[in-house]
Amino acid sequence: MIKVLEPGFYSTIQDLGRFGYRKYGVPVSGAMDGYSSQFVNMILGNEKKAAVMEITMSGPKLEFLKPTTIAISGALMQPMINGTSIAFNKSIKIEKHDILSFGKLNSGFRSYIGITGGFHSKPSLGSRSMYEGVTESVQIKKNEYLGYQSLTANLNHTYAHVKYNQSYLMSKDLKVLKGPEFNDLTKVQQNQIFDTTYVVSKFHNRMAYQLEPNMKHNLSSILTAPVLPGTVQLTPSGQLIVLMRDCQTTGGYPRVLQLSESAINTLSQKATNNKIRFKL
Amino acid sequence: MAFKLKYTAYNERSILIEWPAIIDEKILKNILLFKYSIENNFIKQTIEVVNAYNSLLIIYEHTIDNINNKIKELKTLNWSLNGELNIKNKHWAIPVCYDNDFAQDIEKYSKEINCSKADIITIHTQPKYRVFFTGFLPGFLYLGGLDPRLFLDRKSVPNLKVKKGSVAIGGKQTGIYPKSSPGGWHVIGNCPVELFNPKSHPPCQIEAGDTIQFYGIDKAEYYEILERIDKSEFNLKPNA
């Protein structure tokens, strides 16, 4: 078990998300940065679907009550064991009563704690990804206990040759495809989207990132249609909203762009006032 | 009836198929035939199909190497649709309490559309509403068939909290809030029945293509149903 001494700003359990429940209106969810979350599982020799802890902006303080191995990836948040700095993207041996804590956020916005065998929270609809109305717990809370597999029989794999690509944490460029309503924009508006450096507004979370500035347009709403994480909607007031992992399954705003999978990972490491550019 | 369909790559592992952009039961039927045909021809674990009024989104579990080949594959399937495919749609009777205690907006709404409360209930419980799809929130049904006499634009300022079970009208649509959420629709009643339960299989019994009809209940019946739900004695059952 892990005892949560401090939960951090916003920490959740995430995995690959829910597949097959969108037809009931259930969001996909899953780790915002799929690259970093899968990187910790790879380092630990876990299955891809093993659950990780997603931590946001400031890290938690956790006490491990059984030996295990962990790995940390994503945003640079100065992780420490018993007050001593530990390496990113490496498997770290944990002894009974070791305490994991974090320092200042230096770069990026979300980090991932992987643990051998994955976190054992209660799954709902085929996934452990926390989501209100679907899982019993929606956020990791102070003084709660989190289960994981004790490390006894498990071989401690080391994947030292795997190199983590940190450049995407810093990258401004988001690779996109044209969205279904892209061609309803005028040529000038289309070019404007790719010539503009957008800024992440203060409204950003696991559901969506709102961008600034707004753009003038005369597109009308569409008949409610499917959307996916990474869909960029254009609101009547001209704001671009990038839908993220916890987004609704359908929407009525024109869908002007669609982020690639890697661009969703990149954007999930951005915070208020960070700059981005769309690239076809 | 043949519709002109548009196929596009939506992302690295999804294909969007679009029908003409109108709300029409014939289009829904066509979309659902295609949907069942896809579901019957692929392994469910590797594909997910979502529909809305005039679209079908096919999401593959893994990135597709050649999206054009997949589109060709889907186009071949469409031809096989000429064969008879039996869709068994269900009909559901849904209890709604229109008591003022559950209908926070009915007084104002009644004045704005110039229709008495009794008439609103009669008109609202008359049609068999067609379920086009589920979206917005887990278990939120998009229904077609609202009587035009009940049309009223959404509130300009949405409510921060619309209570779970609220039955409401927004623009040309009516719907039930499966959980408490912000919302801009006019609330005219409340449905005690749980429309989405993650512990049930499936979590939502009512599906695209089904029909529903509301029937009015009084407050005593409303609380009786809640009690029975609490004891797991109430199950929504479809009519044949």
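Cut-off values and rules
- Residues numbered from 1 in each chain as written.
- Chains lettered and ligands numbered in written order.
- Predicted model: local features only at pLDDT ≥ 70, side-chain atom pairs only at ≥ 80, totals over all residues.
- Heavy atoms only, no water.
- Domains from an automatic or database assignment.
- Contact = heavy atoms within 4.5 Å.
- Buried area = accessible area lost by both parts, 1.4 Å probe.
- Pairing = 2+ DSSP bridges.
- Helix = DSSP H or I, 4+ residues; strand = E, 2+ residues; numbered from the N terminus.
- Salt bridge = Lys/Arg side-chain N within 4 Å of Asp/Glu carboxyl O.
- Polar contact = N/O pair within 3.5 Å; in protein donor to acceptor, adjacent residues only side chain to side chain.

**Comments concerning the domain arrangement of chain B**
Residues and elements named next belong to chain B.
Next up, step 1: As far as domains go, chain B holds domain 1 (6-79) and domain 2 (91-230).
Next up, step 2: Residue-level contacts link 9 residues of domain 1 with 8 residues of domain 2.
Next up, step 3: Summed over both partners, the interface of domain 1 with domain 2 comes to about 760 Å²; 65% of that surface belongs to carbon and sulfur atoms.
Next up, step 4: The largest contributions to the domain 1 side of the interface with domain 2 come from Glu25, Leu28 and Tyr53, which together make up 63% of the buried area.

**Let's talk about the sheet that holds strand β6 (residues 79-81) of chain A**
Strand pairing in a sheet relies on backbone hydrogen bonds, with the paired strands running either antiparallel or parallel.
All names here are of chain A.
Next up, step 1: With antiparallel pairing, 6 strands are arranged side by side in an open sheet as β7-β6-β9-β4-β1-β11. Where the open sheet ends on each side, the last strands, each with one partner, are β7 (84-85) and β11 (145-146).
Next up, step 2: Across 2 bridges, the pairing between strand β1 (residues 2-6) and β11 is antiparallel. Across the sheet, the residue bridging to Ile2 is Leu146, located in β11.

**Thoughts on the interface of chain A and chain B**
Next up, step 1: At the interface, 33 residues of chain A touch 42 residues of chain B.
Next up, step 2: Here chain A meets chain B over a buried area of about 2900 Å², counting both sides, of which 59% is carbon and sulfur.
Next up, step 3: Counting the surface chain A buries against chain B, the share from its top three residues, Phe19, Tyr24 and Leu223 of chain A, is 24%.
Next up, step 4: Counting across the chain A and chain B interface gives 3 salt bridges.
Next up, step 5: Two residues, Arg255 of chain A and Glu18 of chain B, come together in a salt bridge whose shortest N-O distance is 3.7 Å.
Next up, step 6: Our count for the chain A to chain B interface comes out at 8 residue pairs in polar contact (both at pLDDT 80 or more).
Next up, step 7: If you list the elements that add at least two residues to the side of chain A that touches chain B, you get β15 (225-226) and β19 (255-259) of chain A.

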